[in-house]
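Analysis of the macromolecular model
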Amino acid sequence: MYEPIRTKSVHTMAGTADFPHRSREEELDIQLAGHLTALLAVTDELRGLEPSATLDAAAERLAEQVTRLRAGRPPVRVAVAATAAASTGLDPRSAGLHRRAHALAGRALVVAASRADTAAAILAAECMDAHAAAVGAAALAAH
C-alpha cells in the first residue's frame, strides 16, 4: 500500500560515524571533576569565613582529586583571605555554605560510586559528614 522510503532521512546527520564520542567512564570523570571543583570552591569560601586546619586539609585533598581526574591539570583557585567576621564566628553565610557543600559532596559521592572511584567516594562521604555536623552545630547555636 505504501512505497518504502528510498532516500536517506533528512534528520540523519551527515558523517556521524566520524564524530568522536566519549566513553561512559570519561563522561563520569568529567562530571565528578566538576562536582569536586564546585565543592572545592565552596570549601575555599568557607576557609575565608572560618579558617581551620580541617578545611585546609579538605581543600588540598579535593584539589588533588580534581588534578587526578583532569589528567594532571590542577583546578583554578581563588586566594583565601580571612574575613573580619571569621574571628567572631558569627557570619550568617557559613550555614548556607555548609548546606551547599553538603549537597555538592552528595552529588560527588553518587558519581564516584557509579564510577567505582573509592578515593573520591571516601573523600566525598567525609565532606558530607563534616558539613552535616557543621550545619547541625550551627542549628544548635541558633537555638
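Presented here is a report on the structure given in the accompanying data block. Here the structure is a predicted model, which is why all the values come from computation and not from measurement. (Residues numbered from 1 in each chain as written. Predicted model: local features only at pLDDT ≥ 70, side-chain atom pairs only at ≥ 80, totals over all residues. Heavy atoms only, no water.)

Secondary structure assignment for the protein chain yields 5 helices and 0 strands. Start at the N end of the protein chain and walk to the C end: the helices and strands fall as α-α-α-α-α. For the protein chain, the proportion of its 143 residues judged to be buried stands at 31%. Considering only contacts in the protein chain between residues 6 or more positions apart, those separated by 24 or more positions represent 73%. Within the structure as shown, the protein chain displays about 9400 Å² of accessible surface, and the carbon and sulfur contribution to it stands at 61%. (Helix = DSSP H or I, 4+ residues; strand = E, 2+ residues; numbered from the N terminus. Buried < 20%, exposed > 50% of the residue type's maximum accessible area, 1.4 Å probe, protein only. Contact = heavy atoms within 4.5 Å. Areas by Shrake-Rupley, 256 points an atom, 1.4 Å probe, with all protein chains shown as cover.)

With that settled, consider the nonpolar core. Among the nonpolar cores identified, the biggest contains 28 residues, and Leu32, Leu36, Leu39, Val42 and Leu62 are the most heavily contacted of them. Counting residues per element, the ones that place at least two in this core are helix H1 (24-49), helix H2 (53-69), helix H4 (93-115) and helix H5 (118-142). Sort the elements by how many residues they give to this core and H1 lands first, with 9 residues. If we skip the residues at most four places from it in the chain, Val42 touches Leu97, Arg100, Ala101 and Leu104. (Core = buried A, V, L, I, M, F, W, Y, C linked by side-chain atoms within 4.5 Å.)

Next up on the list: unusual backbone geometry. Even without a glycine there, the phi angle at Ala71 is positive, about 55°. As for its position among the elements, Ala71 is in the loop between H2 and helix H3 (84-88). Residue classification places Ala71 among the exposed residues on the basis of a relative accessible area of 72%. Unusually for a residue other than glycine, Ala116 sits at a positive phi of about 65°. Checked against the element boundaries, Ala116 lands in the loop between H4 and H5.

Overall, the coordinates contain 9 salt bridges when judged by the stated rule. In this structure, Asp117 engages Arg115 in a salt bridge whose closest nitrogen and oxygen atoms are separated by 2.5 Å. Here the salt bridges share partners, and the residues they tie into one network are Asp44, Arg47, Asp56, Glu60 and Arg77. (Salt bridge = Lys/Arg side-chain N within 4 Å of Asp/Glu carboxyl O.)

There is about 250 Å³ of room inside the largest pocket. Forming the boundary of the largest pocket are 15 residues, of which Thr54, Leu55, Ala58, Ala130 and His131 lie nearest the centre. Listed by contribution, the elements that provide at least two residues to the lining of the largest pocket are H2 and H5. Sorting elements by how many residues they give to the lining of the largest pocket places H5 first, with 6 residues. Across the lining of the largest pocket, the residue classes tally to 8 nonpolar, 4 polar and 3 charged. Forming the walls of the second largest pocket are 13 residues, and the residues nearest its centre are Ala41, Asp44, Glu45, Val78 and Val80. Considering only residue class, the lining of the second largest pocket consists of 8 nonpolar, 2 polar and 3 charged. (1 Å grid on protein atoms, 1.4 Å probe; cavity = no way out; pocket = protein on both sides within 12 Å on 5 of 7 lines; lining within 4 Å. Points joined across faces, edges and corners; volume = space filled by probe spheres on them. Nonpolar A, V, L, I, M, F, W, Y, C, P; charged D, E, K, R; others polar.)

This part covers the packing of H1 against H2. At a minimum axis distance of 9 Å, the contact between H1 and H2 shows a crossing angle of 155°. Between H1 and H2, the crossing angle belongs to the class labelled roughly antiparallel. Relative to H2, the crossing made by H1 is left-handed. Facing Asp29, Leu32, Ala33, Leu36, Thr37, Leu39, Leu40, Thr43, Asp44, Leu46 and Arg47 of H1, the residues of H2 in contact are Leu55, Asp56, Ala59, Leu62, Ala63, Gln65, Val66 and Leu69. Among the residues forming the contact of H1 with H2, the class breakdown is 12 nonpolar, 3 polar and 4 charged. (Axes fitted to C-alpha atoms, helices over the stretch in contact; angles between N-to-C directions. Parallel < 35°, antiparallel > 145°, perpendicular 65-115°, else oblique. Left-handed = near helix turned anticlockwise from the far one by under 90°.)

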